[in-house]
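This is what each chain is made of:
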Amino acid sequence: MSRKCQITGKKNLSGNKKSHALNSTKRKFNINLKNHKFWISKKKKFIKLKLSTKAIRIINKKSIEKVLEKINFKKNK
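Below is a short write-up of the structure. Every chain's residues receive numbers from 1 upward, in the order its sequence appears when written. Where local features are concerned, this predicted model is filtered to residues with pLDDT of at least 70; where side-chain atom pairs are given and counted, the filter is 80 or more; whole-chain, interface and lining totals use all residues. Hydrogens and waters are ignored; side-chain quantities use all the structure's heavy atoms.

Any two strands are treated as partners once DSSP identifies two or more bridges connecting them. Where helices and strands are cited, they refer to DSSP runs of H or I of at least four residues and of E of at least two residues respectively, numbered from the N terminus. Bridge count between strand E1 (residues 13-18) and strand E2 (residues 24-29): 6 bridges; the pairing is antiparallel. Looking at the pairing, asparagine 16 lines up with lysine 26 of E2. Remark: 5 residues form the turn of the hairpin made by E1 and E2, two consecutive strands paired antiparallel; leucine 22 in that turn has positive phi of roughly 65°.

So, in structure tokens, the structure goes:
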């Protein structure tokens, strides 16, 4: 599975590592991903998601059901 947030769609960025002598080499800027389980009361089961910490804060502010509805609504369009 790729290093991508399943809610926000954030993924790794690429850039250059600059040394003291200003030599450039390619590097990756990894995002802060966490594996998290959420209880879905409508389906009465847990789901596992790979989320960025920003997405976890969004889910805590709203609810997991509302966030999943919004994602399904976007996919259906």
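The aromatic pairing rule takes the rings of Phe, Tyr and Trp, using the six-membered ring of Trp, and pairs them if the centres are within 6.5 Å, calling planes under 30 degrees apart stacked, those over 60 edge-to-face and the rest tilted. Taken as a whole, this structure holds 1 aromatic pair when the rule is applied. Arranged with centres 5.0 Å apart and planes meeting at 65°, the rings of tryptophan 39 and phenylalanine 46 form a pair that is edge-to-face. We call a charge positioned above a ring when the Lys NZ or Arg CZ atom is no farther than 6 Å from the ring centre and deviates by at most 35 degrees from the ring normal. The lysine or arginine in question, arginine 27, covers the ring of phenylalanine 29, its NZ or CZ lying 3.9 Å from the ring centre. Sitting over the ring of phenylalanine 46, lysine 37 keeps its end group 4.9 Å from the ring centre.

Just distances and angles here, no functional claims.
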